[in-house]
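Fold and contact review
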Amino acid sequence: MLHNSQKDFLKRHIGPSEEDQNKMLKELNYNSLDDLIKSTVPEKIQLKDGLNIGESNSEYEALRKLKAISKKNQIYSNFIGMGYYGTYTPYVILRNILENPGWYTSYTPYQPEVAQGRLEMLLNFQQMIVDFTGMDIANASLLDEGTAAAEAMGLSHRLNKKDSNLVFVSENCHPQTIDVIQTRAEPMGLKVLVGNEDKVLDQLKEDLVCGILQYPGTLGDIKDPSEAISKIHKKNGKAVLVSDLLALALLKTPRELGADIAVGSSQRFGIPMGYGGPHAAFFATKDEFKRSMPGRIIGVSVDRHGNKAYRLSLQTREQHIRRDKATSNICTAQALLAIVSAAYAIYHGPDGIKTIAERVSQLAKNFADKLKQSGYEIYSDHFFDTVTIVTKDKTDQIYKNALDQKVNIRRVNSEMLAVSFDEKKNVYRVNQLLKIFNAAESIKKEDPTVSLPNLPKNLLRTSKYLEHPVFNSYHSETEMLRYLKKLEDKDIALNRTMIALGSCTMKLNATAEMIPISWRELAEPHPFVPVEQMEGYRALFTDLKNWLRSITGFSGVSLQPNAGAQGEYAGLMVIRKYHLDRGEENRNICLIPSSAHGTNPASAQMVGMKVVVVDCDKEGNVDFEDLKKKAEAHSENLGALMVTYPSTHGVFEEKITDICELIHKHGGQVYMDGANLNALVGIARPGNFGPDVCHINLHKTFCIPHGGGGPGMGPIACKRHLQVYLPNHPVVKDCGPATGIGAVSAAPWGSSSILSISWMYIKMMGSEGLKLATQVAILNANYIAHRLKDHFPILYKGSNGNVAHECIIDIRSIKSETGITEEDIAKRLIDYGFHAPTMSWPVAGTMMIEPTESESLSELDRFCDTLINIKSEIDKINAGEFDKVDNPIKNAPHTDIELASDEWDHKYTREQAAYPAKFLKTNKFWPPVARVDNVYGDKNIFCTCPSMDEFKEDAA
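Residues numbered from 1 in each chain as written. Predicted model: local features only at pLDDT ≥ 70, side-chain atom pairs only at ≥ 80, totals over all residues. Heavy atoms only, no water.

1. So, the overall build of the protein
Within the protein, the regular secondary structure consists of 32 helices and 25 strands. The principal-axis extent of the C-alpha atoms belonging to the protein is close to 85 × 70 × 60 Å. Every one of the 956 residues in the protein was classed for burial, and the buried ones make up 67%. Counted over contacts in the protein with a minimum sequence separation of 6, partners at least 24 positions apart contribute 77%. Roughly 33000 Å² of accessible area belongs to the protein as shown, and the carbon and sulfur atoms make up 47% of that amount. Of the charged side chains in the protein, 109 are positive and 118 negative, and the gap between their average positions amounts to 3 Å. (Helix = DSSP H or I, 4+ residues; strand = E, 2+ residues; numbered from the N terminus. Buried < 20%, exposed > 50% of the residue type's maximum accessible area, 1.4 Å probe, protein only. Contact = heavy atoms within 4.5 Å. Areas by Shrake-Rupley, 256 points an atom, 1.4 Å probe, with all protein chains shown as cover. Lys, Arg positive; Asp, Glu negative; His and termini not counted. Charge placed at Lys NZ, Arg CZ, Asp CG, Glu CD.)

Now the structure itself:
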């Protein structure tokens, strides 16, 4: 057993005390947690041995150990570029957003009334991207630059009316971007032609799906892309421009140059490199393509009173609705990082951003001038921040000189070196580089920008940007601090109340887990530094992989997928490659239960598989007879089954091993969606009960916070026979097997810096703690189901009458009797200060509740009491005590403005509206807007910041 100092963290992470656990067990008629688990989890899959992770560490011990590991990373001065740059996160943003649970623990803004703060900030991000790119519409971020370029290819493919399947990618794109595009193109049946746009485009005989160019190019060269763009258009292709956000402060916009789509990364706007991520990519296009756009779009609508309100618009939840016809499988944005970059633009404003861009370009120019004076040949006279030098036989010596001086530069090939400047560089660094190149002269001081002849005159930007008042009002720290606080106060995050979202596992993101992401040793490394400099990261990855192996029972692990949907995609690509290698390319049928996450069919479709839906039975399990029938019918072409375990309905299916055996018998592979792994850790191992590969949501089970809708991490684990197909990378060769599927993310280990969060969690929990977390998650869910069962029907239970780690309450009979919908209940919960559970999924007209192990008994009771109270309000409607239409539930949520108004004309009291429970009198969250009108928002799509005049109209 653990001694007390080791239990230290367990008591902090796990909500109910031992005494409370016993109370709940008694209520459920169990003697112990072990009894509960024995009765809930199928005997066949229960783990006989323990996890191999070691003992629990206290917060201080774990931090000390991770600090020692991180110190093994050698922090050099980086001039590598290639889409990753040094940047300063202004401290007001670091402390008040990145290190603030009010921002990093909130969920995706599917309930807009309690998310107005981050919705406003994401709208600011969209406005910033629209301003810099000149395009009509931008989404609220994508995962990284490489996948954003691949999504642009996907959009072009969807819009393509011709039979063409050729994609042109300029060799001037970053190598990782080219590789991610190639990985993504192959299962879509697209052919990728990589080459020089000046040579290739003239010789093309066939039509293009799209042409992808980079501006400035990977070697820093700035060419006018408009000629190449018009050639792409002549071949009926869409023109995609991968752009640098900071360079666009000085250069003509993609729109002015004729591009159809602009993509890139906002990393250099205040987001640490973090050895590869997380970073927010951007995606902007023309208005006419908006309905085919991937990702989330924030829009402006109105609330019940006609006041302006923000919401997610368009196809934001479309994977759930359109499934295999979705525009993309990506349901994660990088919300927290997009918010940081928007805050950076707000804090610096247009003049500040321009000054940074000019300063960076000036340093690059001064460096290039001195090198030319010393007799070096420069690859291009036109560049923004990246200078490529023709070094011929001096290449290796100069590269070695740099390493000796603890400086990383880019070795392009045996003839050329490149250096990229950024916001963190200064005259001292320029002179250090000049010495490394043995240049005769040095630079005396930093000139304020006089002129930048290194920027081509015909491409200089004349259009304005960041003119909206939001980018021109908060430049003092006091003003910025208050603006961020004002927005934070409009949102519900975990620092305010439990967020009982089914399938989303919103559990404690402990402060000790978050501390290391700001450490220099983890935040500053560039993802492409020589791997021997990153012994610390290497050790962290090794630990994490070994722990995930012990937890899942699989043998191969890839940390590259940087979101759950990306993990699904990678897992299915691994299965696909396995079949291709065996000469069975016909195996393209993917069986998916009707209850699956909408991302499942979308991912299957992306890897070129045909989706066949399998029915569920009335208990919510996969209908075994239907599965048998379909597996037999498609036997010779069966590629995979995608199954979530425990099921999406929140139950442990008894037949999981039979299901896997059946698929294997017909030559298919089993992909397990790891969304519900929080119900398995320490009590059952997927690798032992049948699946071949699964993805692991580190932002659910392993405590990476959701950040308002991302970052996420979706590593995959697989059986030995699939290991050789795991993702790899063109720049860092040994991050995966040479025989792998290619890169699925831009960085070799995805969003490396946030892996430290999961490392800390697992280290502090230890083997016993991880198992206990699972047991208590199951206990909490069963306790809630037990407390609510007399008030709302519990939709699915296992054969023993228990649920897994979540339960579904059925609202359908309430709806038919009273007209009160699950959405009405969700909005009424806001009046009580709670975030709603998951609505209408996986079954329409229901709510799925997942309490996690982090919520205490008192919070669970407060939540249950609230739902029971709402049920009594519904009963009053039924009994005629409340009006059917004008009642506190239909009108929820109620704002303070409405309650303070003289025009209160409802058939219920203000107190019934605002203070339906006693606890609210001491702690009340006031929603900033009333119920948001979704229909209005979808009919009037408006995705940029409203003008201040429009706000004035509201105030009037």
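That shown, we press on.
2. Quick notes on the side chain of R576
In this fold, R576 is placed in helix α20 (residues 564-581). Note on R576: relative accessible area 18%, which makes it buried. Discounting chain neighbours no more than four positions away, the residues touching R576 are E186, P187 and V607.

3. Concerning the pairing of strand β20 (residues 669-673)
Remark: a regular strand shows side chains that alternate across the two faces of the sheet. Buried residues dominate β20, accounting for five of its five residues. Alternating positions in β20 separate into two faces, Q669, Y671 and D673 on one and V670 and M672 on the other, with burial throughout. As paired strands, strand β19 (residues 638-644) and β20 are joined by five bridges and run parallel to one another. Across the sheet, residue M642 finds its bridge partner in β20, namely Y671. With helix α23 (residues 656-665) bridging β19 and its parallel neighbour β20, the resulting β-α-β unit is right-handed. (Pairing = 2+ DSSP bridges. Right-handed = clockwise from strand over helix to strand, strands pointing away.)

4. Describing the state of the cysteines
Across all of its chains, the model carries zero disulfides by this definition. Considering cysteine sulfurs only, C504 is the nearest to C703, which forms no disulfide, with 15 Å between them. C718 takes part in no disulfide bond, and the closest cysteine sulfur to it belongs to C694, at a distance of 9.3 Å. (Disulfide = S-S within 2.5 Å.)

5. Topic: the packing of aromatic side chains
Applying the stated criterion to the full structure yields 23 aromatic pairs. Seen in terms of ring centroids, Y275 and F541 are 6.2 Å apart; in terms of plane orientation they differ by 15 degrees. Their pairing is stacked. With Y275 in the loop between β7 (261-265) and β8 (281-285) and F541 in helix α19 (residues 535-552), this residue pair connects regions lying 266 residues apart in the sequence. Joined through ring pairs, the aromatic side chains of F79, F367, Y376, F421 and F437 make up one cluster. Sitting over the ring of Y85, R268 keeps its end group 3.8 Å from the ring centre. (Phe/Tyr/Trp six-rings, centres within 6.5 Å; stacked < 30°, edge-to-face > 60°. Lys NZ or Arg CZ within 6 Å of the ring centre and 35° of its normal.)

6. Examining the pattern of salt bridges
Counting across every chain of the model gives 48 salt bridges. Its salt-bridge partner being D626, residue K630 comes within 3.0 Å of it at the nearest N-O pair. Note that K630 and D626 are positioned in helix α22 (residues 624-633) at a spacing of four residues, about one turn of the helix. One exposure class covers both K630 and D626, and it is buried. Between E911 and K921 there is a salt bridge, with its nearest N and O atoms 2.6 Å apart. (Salt bridge = Lys/Arg side-chain N within 4 Å of Asp/Glu carboxyl O.)

7. A word on the sheet that holds strand β23 (residues 807-810)
The sheet built from three strands is open, its strands ordered β23-β25-β24 with antiparallel pairing. With partners counted over all chains shown, the strands left at the sheet margins are β23 and β24 (838-839), one partner each. Both β23 and strand β25 (residues 846-849) contribute to a ladder of four bridges, which runs antiparallel. Looking across to β25, one finds that D810 is bridged to T846. Relative to β23, helix α25 (residues 755-788) is tilted by about 20 degrees, and along the sheet it contacts β23 and β25. (Axes fitted to C-alpha atoms, helices over the stretch in contact; angles between N-to-C directions.)

8. Some remarks on unusual backbone geometry
Along the chain, Y215 connects to P216 via a cis peptide bond; the corresponding omega equals -10 degrees. The omega torsion of the bond from W841 to P842 falls at 5 degrees, within 30 degrees of zero and hence cis. Residue S141 is not a glycine yet carries a positive backbone phi of 110 degrees. In this fold, S141 is placed in the loop between β2 (137-138) and α8 (145-159). What makes S141 buried here is its relative accessible area of 1%. Of note in this structure, Y275 is not a glycine but carries a positive phi near 55 degrees. Taking relative accessible area as the criterion, Y275 reaches 2% and is therefore assigned buried.

9. Details of the side chain of E853
Positionally, E853 belongs in the loop between β25 and α28 (857-878). A distance of 2.7 Å separates a polar atom in the side chain of E853 from a polar atom in the side chain of H13. In this structure, E853 is in contact with H13, I14, G15, P16, K507, N678, Y761, A773, V776, A777 and N780, ignoring residues within four places of it in sequence. (Polar contact = N/O pair within 3.5 Å; in protein donor to acceptor, adjacent residues only side chain to side chain.)

10. Side note on the sheet that holds strand β16 (residues 556-558)
Taken together, seven strands build an open sheet; the order of strands is β16-β22-β21-β20-β19-β17-β18 and the sheet is mixed. The sheet terminates laterally at β16 and β18 (610-614), the two strands that pair on one side only. Put simply, the sheet's adjacent strands are angled 20 degrees from each other on average, direction ignored. On top of the sheet, α23 reaches β17 (589-593), β19 and β20; it is set at about 140 degrees to β20, its chief contact.

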